[in-house]
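Here are the chains, one letter per residue:
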Amino acid sequence: MYFMESCASLILPTPSLASFKCRTVSSLKMSMNNSPNVFLDPNANRFQVNIINESRDNNEASQEDVGSDPPHYEETSFTDEAHNRLRISYRPGKRELYDNFLQSGEKTEASLHPYDTHNKMYYLQTFGHNTMDPVPKIDYYRNTGSVSGNKLNRPSLLEIHEQLAKMDLRDVWDVFKNPTKHAIMLLITTTFSVRCMLNIWGVMLFIRLSWIVGQAGIGLGVIIILLATMVTSITGLSTSAIATNGFVRGGGAYYLISRSLGPEFGGSIGLIFAFANAVAVAMYVVGFAETVVELLKESDTIMVDESNDIRIIGTITVVCLLGISVAGMEWEAKAQVILLVVLLIAIANFFIGTVIPTNNEKKARGFFNYQASIFAENFGPDFRGGEGFFSVFAIFFPAATGILAGANISGDLKDPQGAIPKGTMLAILITTVAYIGVAISSCVVRDATGNINDTVVSGMSCNGSSACNLGYDFSRCRNQPCDYGLMNNFQVMSMVSGFGPLITAGIFSATLSSALASLVSAPKVFQALCKDNVYKGLHFFAKGYGKNNEPIRGYVLTFVIAMAFILIAELNTIAPIISNFFLASYALINFSCFHASYAKSPGWRPAFRYYNMWVSLFGALLCCGVMFVINWWAALITYAIELFLYIYVTYKKPEVNWGSSTQALYYINALDSALALTAVEDHVKNFRPQCIALTGAPMIRPALLDITHTFTKNNGLCICCEVYTGPRKLCVKEMNSGMAKKQAWLTKNKRKAFYAAVAADSFRDGVKSLLQASGLGRMKPNTLVIGFKKDWRNAAASQVENYVGVIHDAFDFELGMIIIRISQGFDISQVLQVQGIYTLLNSSEIFPHFLFLISESTINTIQSMHVGEFNQKLLEASTQFKKKQGKGTIDIWWLFDDGGLTILIPYILTIRKKWKNCKLRIFTGGKANRIEEEKLVMASLLSKFRIKFADINIICDINMKPNKESWKFFEEMIEPYRLHESCKDITTAEKLKRETPWKITDAELEAFKEKSYRQVRLNELLQEHSRAANLIVLSLPVARKGVVSDYLYMAWLEILSKNLPPTLMVRGNHKNVLTFYS
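Let us look at the structure shown here. (Residues numbered from 1 in each chain as written. Predicted model: local features only at pLDDT ≥ 70, side-chain atom pairs only at ≥ 80, totals over all residues. Heavy atoms only, no water.)

### Side note on the packing of aromatic side chains
Item 1. Scanning all chains against the criterion turns up 32 aromatic pairs.
Item 2. A centroid spacing of 6.0 Å and a plane angle of 40 degrees characterise the contact between Phe591 and Phe594, whose relative ring orientation is tilted. With Phe591 and Phe594 both in helix α19 (residues 574-599) and three residues apart, this pair spans about one turn of that helix.
Item 3. What makes Phe594 buried here is its relative accessible area of 9%.
Item 4. Connected via pairs of aromatic rings, a cluster forms that spans Phe591, Phe594, Tyr598 and Trp614.
Item 5. Across the ring face of Tyr545, the terminal group of Lys543 is positioned such that the distance to the ring centre comes to 5.2 Å.
Item 6. Seen from the ring of Phe1076, Lys944 lies directly overhead, with NZ or CZ sitting 5.6 Å from the centre. (Phe/Tyr/Trp six-rings, centres within 6.5 Å; stacked < 30°, edge-to-face > 60°. Helix = DSSP H or I, 4+ residues; strand = E, 2+ residues; numbered from the N terminus. Buried < 20%, exposed > 50% of the residue type's maximum accessible area, 1.4 Å probe, protein only. Lys NZ or Arg CZ within 6 Å of the ring centre and 35° of its normal.)

### A short note on a positive patch on the surface
Item 1. Positive charge collects at one region of the surface, where Lys653, Lys713, Lys750, Lys752, Lys884, Lys913, Lys914 and Lys916 lie side by side.
Item 2. Turning to its location among the elements, Lys713 is positioned in the loop between α23 (702-712) and β5 (718-725).
Item 3. For Lys713, a relative accessible area of 34% translates into the label partly exposed. (Patch = residues over 30% accessible without salt bridge, like charges linked within 9 Å, V, L, I, M, F, W, Y side chains within 5 Å. Areas by Shrake-Rupley, 256 points an atom, 1.4 Å probe, with all protein chains shown as cover. Salt bridge = Lys/Arg side-chain N within 4 Å of Asp/Glu carboxyl O. Lys, Arg positive; Asp, Glu negative; His and termini not counted. Charge placed at Lys NZ, Arg CZ, Asp CG, Glu CD.)

### Description of the packing of α23 against helix α31 (residues 901-910)
Item 1. At a closest axis distance of 8 Å, the pairing of α23 and α31 adopts a crossing angle of 85 degrees. Classified by the angle between their axes, α23 and α31 sit roughly perpendicular to one another. Contacts from Ile707, Thr710 and Phe711 of α23 reach α31 at Ile905, Ile908 and Leu909.
Item 2. When the residues that make up the contact of α23 with α31 are grouped by side-chain class, the tally is five nonpolar, one polar and no charged. (Axes fitted to C-alpha atoms, helices over the stretch in contact; angles between N-to-C directions. Parallel < 35°, antiparallel > 145°, perpendicular 65-115°, else oblique. Contact = heavy atoms within 4.5 Å. Nonpolar A, V, L, I, M, F, W, Y, C, P; charged D, E, K, R; others polar.)

### Section: the sheet that holds strand β6 (residues 754-760)
Item 1. Taken together, ten strands build an open sheet; the order of strands is β6-β5-β4-β7-β8-β13-β12-β9-β10-β11 and the sheet is mixed. Edge strands, defined here as strands with exactly one partner in the open sheet, are β6 and β11 (951-955). On average, adjacent strands in this sheet sit at an angle of 20 degrees to one another, irrespective of strand direction.
Item 2. Sitting on the sheet, helix α25 (residues 763-773) is in contact with β4 (691-693), β5, β6 and β7 (783-787), with an inclination near 145 degrees to β5. (Pairing = 2+ DSSP bridges.)

### So, unusual backbone geometry
Item 1. Of note in this structure, Asn714 is not a glycine but carries a positive phi near 55 degrees.
Item 2. Positionally, Asn714 belongs in the loop between α23 and β5.
Item 3. Among the residues examined, Asn714 registers a relative accessible area of 57% and is labelled exposed.
Item 4. A positive phi angle, close to 55 degrees, is found at Asn1059, a residue other than glycine.
Item 5. One can find Asn1059 in the loop between α37 (1046-1056) and β13 (1063-1067).
Item 6. What makes Asn1059 partly exposed here is its relative accessible area of 48%.

What follows is the structure, encoded as structure tokens:
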């Protein structure tokens, strides 16, 4: 039997072809036909699992139940109707066999238990032939933590490229066991719009909109509404674009911003936004409590006093709301629907009241139904009490906020991608129409006395007053305050409505619904923030409970914050800050949309197309402007808090990678800068050492990396390189598995360097490749840094040949050369192996964080362990360049002019913090009768180069013969590598030359005897003058290719740098790296 699935309904997730080891559900027993004719069946689907016998071994494998429930993570919007899609196709004539197998559980000759997979090869039949290549499927693109479906691993390129190995299909059907039970989700667009509308419609609609129309007039009032709508609409478009650029999880505004702009912006605004929602609970509850207290005052039933009654009623209210929220999203959704019904009835009640014929009492209070004269009179502005357009706008704007109320519970939405765009824009449209409708339906004059006896006297001049034309005289309101009319009475909607108590119910509904929405939003946003571990101290609040992963701990924290502000009972000071917090979120959402579009990342592909990057940028600037219009000092406080949190998160550097647009823009900027740099010609004034350091794995030779990093940090390029030699397949596998780990080690240990590796047939070939291909544009290495090969006398001749060959190659490619020698050598792999860490690093089986075991602190703590287990001196030597160098000298033996690299490297060292106390001493060759003149010439040259020095020494006896002991030591050192052909007959000598071409001939030794004398003599001089120096920098001797043998050259380097402090043998590429021109 075959299990087939069409592309339209891929239910059986493709087994991980990288290992073909998936879990199998023991309860699901399926039969598979092992007939060799299966591929000839014309009815075969394009995607099948087929069993191919690799051997004739028919032994049955033992059975075992290894099924386990998959881990549960926060829900994503991958949730589809999995149950409806779950279906299995059968080959013709095989259905009966399958049914019989499931019922009896017995095997037949044509049946195979899923565990019977030993000694068998498995392929996927795709497009009618056998291959490991699977067809495109969504399960390969899921995140690891997706609850709605298991993430599957497609076969690696290596597995497809290499020969097919034996694979095991055990546990392949695990995806059928315990299908994920979907949490109870909200309705998609309807519920989303309900939540947004309830949060947008607030108390402002009922008790402030009439006053705003009175101040600004109908014309400017509508403009104020439209201006606020412009801000929210642009933000809604940006939100829709971001929300449809991939699946959205819980966290709302925080999730959208953090995944677009990164954890720095997301973490700062997430904490602010969660806190703002928590305090907003208190604001809305206090607004509700104040309304209740007003009713208690009218009925003279105050319990204690006004302030304490607000606290008592507020406390009871927030406890009830907390109970509804903790009960679960389905209960909260039901409560929201009930509150929406009440709110809609209250709004409808107002419009009905405008057409019900008024009475004398309402006329006295300024209500005359729809009148053209009243509309004309109220159309223009009449600002009073120092109010202006922007101050009135600042009062109204909080009424337009709340568009993110639905997005904040994105984790509980069945389809956030569809719900957020449709729900947000629909809510903005409906609420805007309602606000404009109420503003236009102003059937009340601005001032009214409320006295039914204030009627027009016969013969009285109305002077254009609409109330006067309608029979009432409210002229005394010009000289004394009145209690009624748009400007004086906040309860105009109650008066106009058909049934006043319904407006009170609407106020209750508006406040309670907004409070409930904020009480749910704050914990959800906070939980998402804590799950991401941006603030490690807050991870306690990440835990969720129940099937819907309810943030109970977040609810408790929100309750505590709300209670604190409810007990204060004075929110007039904090309210502007809260509005600014919301606006800061809107501004960043708009900026996120602009930034993602501007970065031009291929990953930015929102399904929502009705947005524009420049409109989003305008929206971000508009939000920032509105923040200052509402309250300038509150805006400054908001920016200060956001900046502090941004700096904190940036400093902590949370270990997350969300593919933000910030990363994309970094790449674009780097690429643009690299291309721009390519168009600029190199100039000697801008020369800087850009080094390839042959460190191998960087943690193996830390001292070599440290000294190189000292003169490249913040100054030039540094690439740590490693060459893998051996069987190509193993080398490539090891190299690829270690690339990210070793670069992460550099980052973790704050080394501003790159890691690069190559696989080659030999060490020299690998270095050749690195020297030619490393770098990008103008950012190419110009200097090769290697450690001195301390074991050259015991190494194979091929290793010495490769080492010296690398030096020749560097000169061939016109690179500078730096060979560094320290007394103990650089390689500390033995120390690391003792600790078992080096093995862990190179194991692909461990978690990546084991990589960071080898940090500076680890190397330091190794010292406290048993000294007998490792070379203590080697360990100390490996950290010597990390330490601050005391007062001392850097001795520069500038013997040959190589373009200035020999003098530039030590100068750069002296401007570093660790080396700044060291003085430069210059040593150079000269004649005995011209010592003072030579000093003046060198001093003049260095002063022109603006390089400070402590002393100049002219060495006159460089060309003297070394003493006999030193020369004898040199001869004994090279003795094992000499050919001694002069002592043999010609035939024997020629044979030895062919068999050991790497040996030093007598003719070569005699030809370069003077140069050998010089190296030995220089060591004597170095011992005499620079034995106490902190560092020695001297000119590297150059061996002519094909003339000087490898072992003779290594002997020169050995004797030159023997028994000295840390020594840098430097040779530039003989092109100027210094200039005295400005």
